[in-house]
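Next come the chains, spelled out residue by residue.
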Amino acid sequence: LRIEDLEEYASYRLTGTGDGGASGSAKGQATITLRDAPASGTRLSYDASVAVTGRIAQIGGRLLQGTAESFAADFFANLVATAAPPPRPEDAAVPP
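A few points on the structure.

1. Some points on the side chain of T33
Along the chain, T33 turns up in strand β3 (residues 25-37). Setting aside residues no more than four positions away along its own chain, T33 makes contact with A10, S11, R43, L44 and S45.

2. Notes on unusual backbone geometry
You will see that D5, though not glycine, has its phi angle at about 50 degrees, which is positive. With respect to the helices and strands, the residue D5 is situated in strand β1 (residues 2-7). Classification of D5 as exposed rests on a relative accessible area of 51%. The residue Y9 is not glycine, and still its phi comes out positive at about 65 degrees. Structurally, Y9 is set in the loop between β1 and β2 (11-19).

3. A short note on the sheet that holds β1
Pairing is antiparallel in the open sheet, where 4 strands are placed in the order β1-β2-β3-β4. Each having just a single partner strand, β1 and β4 (41-53) make up the two edges of the open sheet. Averaged over all pairs of adjacent strands, the angle between strand axes in this sheet comes to 15 degrees, irrespective of strand direction. Where β1 and β2 come together, 4 bridges link them in antiparallel fashion. The residue bridging I3 from the neighbouring strand is L14, located in β2. Each of β3 and β4 touches helix α1 (residues 55-83); the most contacted strand, β4, lies at about 170 degrees to it.

4. With respect to the environment of G66
By the secondary structure assignment, G66 is in helix α1. Assessed through its relative accessible area of 37%, G66 is described here as partly exposed. Distance in space between the C-alpha atoms of G66 and T53 is 17 Å, their sequence separation being 13 residues.

5. Thoughts on α1
Between the first and last C-alpha of α1 there are 39 Å, a value that for 29 residues agrees with the 42 Å anticipated at 1.5 Å per step. If you look at α1, its biggest bend is around 70 degrees, right at G61. Listed in full, the buried residues belonging to α1 are G60, A72 and F76. Those residues of α1 hidden inside the fold are in contact with β4.

Rules behind the numbers
Residues numbered from 1 in each chain as written. Predicted model: local features only at pLDDT ≥ 70, side-chain atom pairs only at ≥ 80, totals over all residues. Heavy atoms only, no water. Helix = DSSP H or I, 4+ residues; strand = E, 2+ residues; numbered from the N terminus. Contact = heavy atoms within 4.5 Å. Buried < 20%, exposed > 50% of the residue type's maximum accessible area, 1.4 Å probe, protein only. Pairing = 2+ DSSP bridges. Axes fitted to C-alpha atoms, helices over the stretch in contact; angles between N-to-C directions. Expected span 1.5 Å × (residues − 1). Bend = angle between axes of the 7 residues up to and from the residue.

Shown next as structure tokens:
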């Protein structure tokens with residue numbers, strides 16, 4: 001895994017490769033961008049792609065894509081839950 005095109009506090013690209021020998025190989029990258037979000041702090045966006053070859057691609061190419069998308073969604077949902085500021089007491093619902 002490598003970090004490339006680093007623009008501190010703004011964006012970077014993660015790239016990586018894997019070789020499964022006769023089973024095939026994989027190459028992927030993700031570009032992560034951070035932007036100011038006036039009302040809520042920082043907005044994180046990402047764009048990712050992966051390419052697989054060999055038996056891995058023949059047997060599980062679609063499964064890998066769906067699994068990768070699910071992992072990414074789970075990761076960012078957990079990141080938001082962990083990094084979000086706690087609710088303010090004045091925003092809590094007041095019982096009738």
